[in-house]
Structure formats: C-alpha cells, structure tokens
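So you can see what is in the structure, the chains are spelled out below.
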2 protein chains.
Amino acid sequence: GWARAVRGLLLDVSGVLYDSGADGGVPIAGSAEAVRRIKASGLKLRLCTNETQASRESFVRKLRGMGFDVSVAEVTAPAPAACHILKERGLRPHLLVHDDLMPEFAEIDKTNPNCVVLGDAAENFTYANLNEAFRVLIGMEKPVLISLGRGRYYKETDGLKLDVGAYMKALEYACDVQAEVVGKPSKRFFESALAEMGVPPEQAIMIGDDIVNDVGGAQQCGMRALQVRTGKYRPSDENHPDVKPDAYVNNLAEAVDIILRQ
Amino acid sequence: GWARAVRGLLLDVSGVLYDSGADGGVPIAGSAEAVRRIKASGLKLRLCTNETQASRESFVRKLRGMGFDVSVAEVTAPAPAACHILKERGLRPHLLVHDDLMPEFAEIDKTNPNCVVLGDAAENFTYANLNEAFRVLIGMEKPVLISLGRGRYYKETDGLKLDVGAYMKALEYACDVQAEVVGKPSKRFFESALAEMGVPPEQAIMIGDDIVNDVGGAQQCGMRALQVRTGKYRPSDENHPDVKPDAYVNNLAEAVDIILRQ
C-alpha cells in the first residue's frame, strides 16, 4: 500500500541516478529511463541532493551528459537553501567551500562577514583556511556557523575522504558553538523541496540510498521513503536500530514500476 | 596554609616560565631566578607540559637559551608518555604530528600501524594528511586514536590557531570513536609526573596558568594547585564554575617566595 495516492517524487541523486567514479560518474542501469517515465506520467519530480562540490548548473550539466532529462529548476541543494537563509537573516558569510560551488554565492554580500558557511571544500580544507574560518568565528560575539550537510565521510575512486561534518565538528569544538545544518536530513530542507513542488508531505515519496539522511529525514517530515539497494546501501542498513523505510526496492527503475502501476 | 609540607613542585611551562612570541618566546620576569631558588632549596622540580610541537631536547634547548636551568630529565611531556603506552600495549602508530616531534618516536615500531597518534601537527594538518590518518583509523576493526592533548586553540603572534583537540574531534566524529587523551588534564599523566619525582600528591603543588588543564587536573589527582596571573590567565578565570585554585599568585616568583618562607 506504500505506493498509493502519490503526486510527487523526491530523488536523491548520487547512488540513485548514478554512481560516482573515476570518470565523474556512471549512470545506474534503468535510472535515466525511470526519470523519463516519471515526467511522462505527470508526477512532480524533485532532485533533493546534498551535493556541495559543484553549482547546480555544472551538476545538472553532468547529469544531462549521462542521459538524464533534468533541469536546474528541478534541483534542491544546500547552497541555494543557505543563500535563502543568509538573505532572510541579513547574514554576510565567510565561505569555506569548494571552488566550483562559489557561483551559487555570487549575489551574496560577503563583506565584513558575520557568519561562516562551511561546505565540502575538499582541497580547500587547508590548515590556513581552517584557521582563518576559525578566527572569523571566534571573533564574533555570538558565532554563527552554517554547515552544508553533516556527512562523516564518502568514497572516491582514490579512497575515503573526510566529509564536511568532520570539519564542522572541529570548528564547533574550537568555538564551543553548535552549527546550523542546511541539507538533508534537516526538516526545513525537505520542506522547502516540497514547497517548490507544491505537494504536501503525505502525497510525496522520497527515494534514496542513505538510510539516515534520505529515509529517516523524509519520514520525519511526514513523507513516505524508500531505500534503493544501489549506491551506498549496505545489507546491514536493513537492521538499522532507528529507521525503517516504507519499502526497499532494488533500484529506482523498480520503484517507478511499482508506483506507476497504481 | 596552602604552602605547608611541600616536597615537590610541578610547573607548567608556557605562560609560567615564558610567553610565546614572535622570536620564539620571552621569559616572564623573575621566573628563571625562581627556578634556581627551587633547585637550591632541595625541593623536587618537574616541568609538566602539553608541548607537542618540539621534542624535549629542542624544547629544553630553547628554555636554557632563555636562562632557565632545566634538563631533559626534568620534563614530563605527552609524546614520551604516549610512547610508554604504545610499548605497553603493543601499538604501532601512524603519526600525525609536528615534524619537530618525530625524534621522540624514533625507537617506536611504526610498520603496519594499528593506531593513530595525533599531536599539534600545525602545517602538517593538510587535507591529504587528515584523510590518510582517517583511512588508517576507519580501516581498523576497532579504531584506536591517541591524542596528545585536547586543547581547542592557542595564540601565536600571527593570530589564533586551531589546536589538536579540534582535529581530534573531526576524527572522532568521522570514525565514531573516542580518543584517548595523553597529557594534562589526564590523571594518568599527572600521576606519571609524580612518580618520576618520587613525591606523593599530597606533598606536591602544581603551578600553572590554565584553570582547567593545570589547576583542575592536578586537584583531581589530590595535589594542591596554584594559578599564576601570567600567560593565558584571564580575570574571568577567578569565577570559574567548577575549578577553584588553592591560591592565586601574581607569578611564579611570588609562589616560590611564599613556599620557601614556610
């Protein structure tokens, strides 16, 4: 019964549409066709990603290059969500992010910073840059740290890499402050994706490979959530102590098959 | 009455003997003479430091250059304490430490590592080195992380710097593990300093500028502890919610005056 009364689908991207690899990524079999079938069916579609190593423009360019019929307007990502918060609260960020993410902040006033925004800066996580972000934070009367995600680590073809969450913890400890996390599994982030689709949570299904950030986060917002057995899925996820998906599916194509049959 | 029945003194070094500065350090007025008076009095003396940016040899060379009559045999520091633990437990470290600390680990087997030892690596805290230490840890069945201190940050002449504790938190979070901290305020560290002096805690006084790591840590071991109003001392320390020194003194010279008068 989990596939009943659906009007919109939220898709995680890495591990659902494609697997990251040496050449930038390999599409998961059947996923490009599944995206086309979702669109043809009239269901609303939203890509809901924690990607912060690229702007939406270059991210979508990569996906289109792999055969996915998606557009920038269909992507919910942490950097634009953070920009919304910055404007709303009159915050001027000191940015410690990946070079390729910088275009997302082009319109934001960055003079005389009164907060720090931390993303997966990768090679930009230098000793000098970390000290600089720390000094900006500790110099504030009440430090404001906004983190684009809270991941622990991820896998690239040349090995595991520390993710933004580890650097967030370093700055949190040094400044005795708690970061505000933008991105999955934050409730506000899912809610903005739903608002952009114009679909209430009870008529939406999240499909992802991450048991905590995708499945748990979406369920907290009142959505149904499926875990695909692709990407970072591991059999041990099926014994997770806190989170139980509404269903497991082998991949996105199977999920779309079942949903469109209703 | 706090100065009665003393047989040994433990001194913190930075902020008690000297202030770190552009030229490596400036002795605090009266401290070199105070060290000479302690020795002449027959009291046992131990330098109890969390210094991990230099080997004891080069650290003592610097202190002697500033006029302090001290020797390597009088120093209790985290790196030798860590070496003791490594040998005791058959641990072979992957080291992420300052280049100048490496000589302390010269005799330690570092092949096929089964733990990570983290010090204040300063410029060695690169993205590549942090990822490498992380990969070594996450590859262990049960990750063992030994941290030489848990400081948040410190001040150098060119500004504040993140200390080892921040990087410890990053690795703790990424690997879901708790570090074992070697150095002040660890009880075991103070106890080894006392054992090296051959003085029981109730006959020893710790003198330091750090209300938590020096004063609080020493009191937890049953020692008396003084806070000097030099180094990182701040007036707000006198309202610390948890730690109250046995006495405040303006500087080391004043402490030695009072103790030797008994």
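So, a few notes on the structure that sits alongside this text. (Residues numbered from 1 in each chain as written. Chains lettered and ligands numbered in written order. Predicted model: local features only at pLDDT ≥ 70, side-chain atom pairs only at ≥ 80, totals over all residues. Heavy atoms only, no water.)

1. Details of the overall build of chain A
Moving on, step 1. A count of helices and strands for chain A gives eight helices and 14 strands.
Moving on, step 2. Expected size for 262 residues packed as a compact globule is a radius of gyration near 18 Å; at 18 Å, chain A falls within 12% of this value.
Moving on, step 3. In terms of its C-alpha atoms, chain A occupies a principal-axis envelope of roughly 60 × 40 × 35 Å.
Moving on, step 4. When burial is assessed residue by residue, chain A has 55% of its 262 residues classed as buried. (Helix = DSSP H or I, 4+ residues; strand = E, 2+ residues; numbered from the N terminus. Rg over C-alpha atoms; globule rule 2.2 N^0.38 Å. Buried < 20%, exposed > 50% of the residue type's maximum accessible area, 1.4 Å probe, protein only.)

2. Comments concerning the environment of Asn250(A)
Residue and element names in this part refer to chain A.
Moving on, step 1. Relative to the helices and strands, Asn250 is located in the loop between strand E14 (247–249) and helix H8 (252–261).
Moving on, step 2. Given a relative accessible area of 38%, Asn250 falls into the partly exposed group.
Moving on, step 3. Residues Asn250 and Arg229, 21 residues apart in the sequence, show an inter-C-alpha distance of 4.8 Å.
Moving on, step 4. For Asn250, the contacting residues outside a window of four places in its chain are Val228, Arg229 and Thr230.
Moving on, step 5. Among the polar contacts made by the side chain of Asn250, one reaches the side chain of Arg229 at a distance of 3.3 Å. (Contact = heavy atoms within 4.5 Å. Polar contact = N/O pair within 3.5 Å; in protein donor to acceptor, adjacent residues only side chain to side chain.)

3. Examining the nonpolar core
Moving on, step 1. With 51 residues, the main nonpolar core has Leu118(A) and Leu118(B) as its most contacted residues.
Moving on, step 2. At the level of elements, strand E7 (115–118), helix H4 (127–138) and helix H5 (164–175) of chain A together with strand E7 (115–118), helix H4 (127–138) and helix H5 (164–175) of chain B are the ones that each hand at least two residues to this core.
Moving on, step 3. When sequence neighbours within four positions are dropped, the list of residues in contact with Leu118(B) reads Leu96(B), Val97(B), Phe125(B), Leu145(B), Ile146(B), Ser147(B), Leu148(B), Val164(B), Tyr167(B), Met168(B) and Leu171(B). (Core = buried A, V, L, I, M, F, W, Y, C linked by side-chain atoms within 4.5 Å.)

4. What to know about unusual backbone geometry
Moving on, step 1. Note the cis peptide between Lys184(A) and Pro185(A), where omega equals 5 degrees.
Moving on, step 2. If you trace the backbone, Pro185(A) turns up in the loop between strand E11 (180–182) and helix H6 (187–197).

5. Looking at the interface of chain B and chain A
Many analyses report the size of an interface as the accessible area lost when the parts associate.
Moving on, step 1. Taken together, the contact pairs 28 residues of chain B with 28 residues of chain A.
Moving on, step 2. For the pairing of chain B and chain A, the buried interface totals around 2,700 Å² over both sides, and the portion due to carbon and sulfur atoms is 63%.
Moving on, step 3. Counting the contacts that link chain B with chain A gives zero salt bridges.
Moving on, step 4. Between the two partners, chain B and chain A, sit eight residue pairs in polar contact (both at pLDDT 80 or more).
Moving on, step 5. Residue assignment for the side of chain B that touches chain A shows that the elements contributing at least two residues are H4, strand E9 (153–156), strand E10 (159–162) and H5 of chain B.
Moving on, step 6. By residue number, the principal contributor to the side of chain B that touches chain A is H5(B), which donates eight residues.
Moving on, step 7. Of the residues belonging to the side of chain B that touches chain A, the class tally is 16 nonpolar, four polar and eight charged. (Buried area = accessible area lost by both parts, 1.4 Å probe. Salt bridge = Lys/Arg side-chain N within 4 Å of Asp/Glu carboxyl O. Nonpolar A, V, L, I, M, F, W, Y, C, P; charged D, E, K, R; others polar.)

6. Points about the relation of the copies chain B and chain A
Think of it as a corkscrew move, a rotation about one axis and a shift along it, taking one chain copy to the other.
Moving on, step 1. Rotating chain B by 180 degrees and moving it 0.1 Å along the rotation axis overlays it on chain A with an RMSD of 0.0 Å. Both copies are brought into coincidence by an operation consistent with a two-fold rotation axis. (Least-squares fit on C-alpha atoms with pLDDT ≥ 70 in both.)

7. Regarding the sheet that holds strand E6 (residues 93–96) of chain A
Residues and elements named next belong to chain A.
Moving on, step 1. Reading across the sheet, the four strands line up as E6-E7-E8-E11 and stay open at both edges, with parallel pairing between neighbours. Lying at the two open borders of the sheet, with one neighbouring strand each, are E6 and E11. Recorded for the sheet is a direction-independent mean angle of 25 degrees between the axes of neighbouring strands.
Moving on, step 2. Pairing between E6 and E7: four bridges, direction parallel. Bridge assignment links Leu95 to a residue of E7, and that residue is Val117.
Moving on, step 3. On the sheet, H5 packs against E7, strand E8 (145–148) and E11 and is oriented at approximately 165 degrees with respect to E8. (Pairing = 2+ DSSP bridges. Axes fitted to C-alpha atoms, helices over the stretch in contact; angles between N-to-C directions.)

8. Here's the deal with helix H7 (residues 211–220) of chain B
Residues and elements named next belong to chain B.
Moving on, step 1. Among the ten residues that make up H7, seven are buried, leaving the element largely enclosed by the rest of the structure.
Moving on, step 2. Considered for burial, the residues of H7 that qualify are Ile211, Asn213, Asp214, Val215, Gly216, Gly217 and Ala218.
Moving on, step 3. Buried residues along H7 sit against helix H6 (187–197), strand E12 (204–208) and strand E13 (224–228).
Moving on, step 4. N-cap assignment for H7: the residue whose side-chain oxygen lies 2.9 Å from the backbone N of Val212 is Asp210.
Moving on, step 5. Once H7 ends, the next one or two residues include Gly222, with phi positive near 90 degrees.

9. Section: the environment of Val215(B)
Residue and element names in this part refer to chain B.
Moving on, step 1. Within the fold, Val215 resides in helix H7.
Moving on, step 2. Taking the relative accessible area as the measure of exposure, Val215 reaches 0% and is therefore buried.
Moving on, step 3. Separated by 28 residues in the primary sequence, Val215 and Val243 have C-alpha atoms spaced 7.4 Å apart.
Moving on, step 4. Once residues within four sequence positions are removed from consideration, Val215 is found in contact with Asp210, Ala225, Leu226, Gln227, Val243 and Pro245.

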